[in-house]
Every structure is written in structure tokens, then in C-alpha cells.
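Reading the structure
Here is what each chain is made of, one letter per residue.
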Amino acid sequence: MPSCSCCCLQPQVYGYYLLPGATKCVDLRRNPADTLCSNPPMSKLLVFAGSTRQQSFNRRLARVAADLAREAGAKVTLLELGDFDIPLYNADLEARGTPADVLRLKEVLHAHSAWIICSPEYNGSYTALLKNTIDWASSPVQGDPVWQDGTLPFRGKVVGMLSASPGALGGLRSQSHLAPLLTNLECWLAPKAFALGQAGSAFDEHGALVQDAQRERVRGVVEQVLWATSRLHAGQF
């Protein structure tokens with residue numbers, strides 16, 4: 001990869017990235033509509049929430065994000081973590097064999113070049129469900145020629161973070177804890193994120209966001225993820 005002459009010493013903080021084949025950094029904070037490429041390749045986007053609650057605000061937000069991504073031309077998988085039979089992480093259990101649904105989860109994560117994660121906030125952080133999911137998905141499978149590499153399902157994924165909460169901050173603190181976990185697993189984080197506050201009154205009876213401004217904030221995250229993915233993973237769709 002070529003070296004960069006820019007003063008972008010903290011890419012995850014300031015939003016600058018050296019893309020493959022580039023000789024200078026690209027600012028991912030710019031509007032995707034301003035790019036030279038008007039017809040980027042179709043991205044495979046995975047959208048999921050760190051909750052299984054039936055009336056979860058974050059599951060509703062995930063559906064909104066998935067719909068907006070489809071409008072933008074992405075191939076979208078809306079994943080429900082409740083569809084996977086994954087126990088609490090236990091190394092003794094793992095030593096007897098990695099559960100089949102963990103292997104299925106690894107495959108789904110690996111098959112998508114971009115993700116949108118909608119993270120609820122519990123006690124100022126992300127949920128135990130989300131942490132357990134990531135712990136299992138990143139755990140190496142001893143003796144498996146593919147999954148012995150624990151970071152494989154995560155490495156190079158472009159990830160956008162959303163959250164929703166009844167409180168004013170909208171789950172923002174969960175994002176601040178989730179971000180370093182994802183970067184440690186070698187994900188690329190989109191500089192744009194959105195935390196939906198007062199989520200109890202944010203959706204109509206059909207699950208759509210009431211305020212257009214909030215919908216546009218979600219769209220901004222989705223479009224930035226797709227924009228970055230089309231460049232970081234060019235030719236891989």
C-alpha cells in the first residue's frame with residue numbers, strides 16, 4: 001500500500017482513510033453524492049440489532065436502515081440474532097465443539113462486506129447479547145482450516161453504528177464502547193453514526209420514523225457505509 005503524505009495520524013478519529021491503490025487519503029465524512037463514481041457496485045450489507053425483544057426500538061431502527069439501503073441499491077440481509085441458538089460463551093463448552101449456529105453466524109458475517117449494527121444501551125454500554133455474539137464469532141475454531149482465524153469474519157468489514165433509546169442520548173454511550181471493540185477486530189468504522197433519542201415516540205404504527213430529519217440521519221450513515229465499501233472492496237461484489 002502506498003504511503004500517505006497527509007497529516008492523518010488518527011484515521012478512526014478524524015475519518016480519513018488510505019484506500020487501496022490511492023496515493024492520498026480520502027475523507028469519508030464527505031457526502032457520497034459528491035463522489036465521482038455515480039454508479040458504485042452493489043454492496044452486500046448485513047443489518048442487525050443487539051436485541052431480541054419483540055418491541056425493540058433497535059430492531060425497528062434496523063428495519064428502517066435495511067429499507068433505506070435497499071432504496072440505495074444494496075443487497076441487504078436483515079439478520080435476527082434470535083434466529084441463532086448460541087449459548088453464553090464458555091471455553092469448556094467450546095472445547096467439546098463449536099456450536100453449529102456459531103459456525104453459521106461466522107459464515108453470514110463473513111459473506112457481507114458491510115454491516116449496520118443497531119446497538120441498544122444497557123447500563124451505559126452495549127448489550128450482553130451483542131458481546132456474546134461477537135465473542136463467539138471471533139473465537140478461533142481449532143483445527144478448522146477457515147475459522148481457526150478468529151478475526152476472519154470481521155477483518156476489513158465497513159461498519160456503521162446506529163442506536164436507539166427512550167432517553168435523550170439515544171444509546172450514544174453504547175456506541176462509544178462498541179467502537180473500540182470493532183476496531184480491535186480490524187473493522188473499518190464509518191465516521192458517521194446516529195443515536196436516536198426519545199425512541200418511544202420516534203416510530204409510527206408501521207415502524208417508520210416519524211421525523212424526516214431522523215430518517216435522513218439514518219440514510220446518511222447507510223450511504224456512507226455503502227460508499228466506503230464500494231471503494232475498500234472494489235471488485236469483490
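See the structure above.
Residues numbered from 1 in each chain as written. Predicted model: local features only at pLDDT ≥ 70, side-chain atom pairs only at ≥ 80, totals over all residues. Heavy atoms only, no water.

1. What about the overall build of the protein?
Put simply, the test is: In this description a helix means any DSSP run of H or I spanning at least four residues, a strand means any run of E spanning at least two, and both kinds are numbered starting from the N terminus. Classification of residues uses two cut-offs on accessible area relative to the type maximum, computed with a 1.4 Å probe and protein chains only: under 20% is buried, over 50% is exposed, and between them is partly exposed. All accessible areas in this document rest on Shrake-Rupley with a 1.4 Å probe, and a residue is counted as covered only by the protein chains that are shown.
Counting secondary structure elements, the protein contains 7 helices and 7 strands. Its helices and strands in sequence order give the protein the pattern α-β-β-β-α-β-α-α-β-α-β-α-β-α, from N to C terminus. Burial status across the protein gives 50% buried among its 237 residues. Total accessible area on the protein stands at roughly 11,700 Å², and carbon and sulfur atoms take up 51% of it.

2. With respect to the side chain of Arg-59
Put simply, the rule reads: For this analysis, residues touch if any pair of their heavy atoms sits within 4.5 Å.
Summarising the element assignment, Arg-59 is placed in helix H2 (residues 57–71). Beyond its immediate stretch of four places on either side in the chain, Arg-59 contacts Ala-49, Ser-51, Thr-52, Arg-53, Gln-54 and Glu-80.

3. A closer look at H2
Operational definition: A helix is expected to span 1.5 Å multiplied by its residue count minus one.
Between its terminal C-alpha atoms H2 stretches 21 Å, which fits the 21 Å expected from 15 residues at 1.5 Å a residue. By the criterion of burial, H2 is predominantly enclosed, with 11 of the 15 residues buried. The complete set of buried residues in H2 reads Phe-57, Asn-58, Arg-59, Arg-60, Leu-61, Ala-62, Val-64, Ala-65, Ala-66, Leu-68 and Ala-69. The secondary structure elements touched by the buried residues of H2 are strand E3 (44–49), strand E4 (75–79), strand E5 (114–118), strand E6 (158–164), strand E7 (188–196) and helix H7 (212–232).

4. So, the nonpolar core
Put simply, the rule reads: Only buried residues count toward a nonpolar core, which is a set of Ala, Val, Leu, Ile, Met, Phe, Trp, Tyr and Cys residues joined through side-chain atoms within 4.5 Å.
Counting residues in hydrophobic clusters, the biggest one holds 34 residues, and the most contacted among them are Leu-45, Leu-61, Ile-116, Leu-162, Leu-196, Phe-203 and Val-218. Listed in part, the 24 residues of the second largest apolar core include Leu-79, Tyr-126, Val-159 and Cys-187.

5. A short note on unusual backbone geometry
Positive phi is not limited to glycine here, since Asn-123 has a value of about 50 degrees. Inspection of the secondary structure puts Asn-123 in the loop between E5 and helix H5 (128–137). What makes Asn-123 exposed here is its relative accessible area of 85%. The residue Gln-198 is not glycine, and still its phi comes out positive at about 50 degrees. Tracing the chain through its elements places Gln-198 in the loop between E7 and H7. Under the relative-accessibility criterion, Gln-198 is labelled partly exposed at 45%.

6. A closer look at the packing of helix H4 (residues 100–111) against H5
Counted only if it meets this: For helices, the fitted line uses only the C-alpha atoms of the stretch in contact; every axis is such a line through C-alpha atoms, and the angle between N-to-C directions lies from 0 to 180 degrees. Any angle that is under 35 degrees is reported as roughly parallel, and any over 145 degrees as roughly antiparallel; angles of 65 to 115 degrees are reported as roughly perpendicular and all others as oblique.
Packing of H4 against H5 leaves a shortest axis separation of 9 Å and a crossing angle of 90 degrees. It follows from the interaxial angle that H4 and H5 lie roughly perpendicular. Touching Val-102, Leu-105, Lys-106 and Leu-109 of H4 are Thr-133, Trp-136 and Ala-137, all from H5.

7. Here's the deal with the pattern of salt bridges
Condition: In the sections that follow, a salt bridge refers to a side-chain nitrogen of Lys or Arg positioned within 4 Å of a carboxyl oxygen of Asp or Glu.
By the definition in use, this model includes 10 salt bridges. In this structure, Lys-131 and Asp-135 form a salt bridge, with 2.8 Å as the shortest nitrogen-oxygen distance. Of this pair, Lys-131 and Asp-135 both sit in helix H5, 4 residues apart, which is roughly one turn of the helix. Residue Lys-131 is classed as partly exposed on the basis of its relative accessible area, which comes to 30%. When salt bridges with common partners are traced through the structure, they connect Glu-71, Arg-215, Glu-216 and Arg-219 into a single cluster.

8. Quick look at the environment of Gln-148
With respect to the helices and strands, the residue Gln-148 is situated in the loop between H5 and E6. On the basis of relative accessibility, which here comes to 45%, the residue Gln-148 falls in the partly exposed class. Spatially, the C-alpha atoms of Gln-148 and Ser-138 are 9.6 Å apart, while their sequence positions differ by 10 residues.

9. Quick look at the pairing of E4
Selection criterion: Pairing between strands is defined by DSSP: at least two bridges between them are needed. Crossover handedness is defined here as right-handed if the route from the first strand over the helix to the second strand goes clockwise, with the strands pointing away from the viewer.
Where E3 and E4 come together, 5 bridges link them in parallel fashion. Along E4, the bridge assignment pairs Leu-46 with Thr-77. Since E3 and E4 lie parallel, the crossover through H2 that links them has a hand, and here it is right-handed.

10. Some thoughts on the packing of H2 against H7
Threshold: The crossing is said to be left-handed when, going from far helix to near helix, the turn is anticlockwise and less than a right angle, and right-handed when the turn is clockwise. Residues are grouped as follows: Ala, Val, Leu, Ile, Met, Phe, Trp, Tyr, Cys and Pro are nonpolar; Asp, Glu, Lys and Arg are charged; all remaining types, including Gly, are polar.
In the contact formed by H2 and H7, the axes pass within 9 Å of each other and the chain directions differ by 60 degrees. If you check the angle between H2 and H7, you find them oblique. Note on packing geometry: the crossing formed by H2 with H7 is right-handed. Here Leu-61, Val-64, Ala-65, Leu-68, Ala-69 and Glu-71 of H2 come into contact with H7, specifically with Arg-215, Val-218, Arg-219, Val-222 and Leu-226. In terms of residue class, the contact of H2 with H7 is built from 8 nonpolar, no polar and 3 charged.

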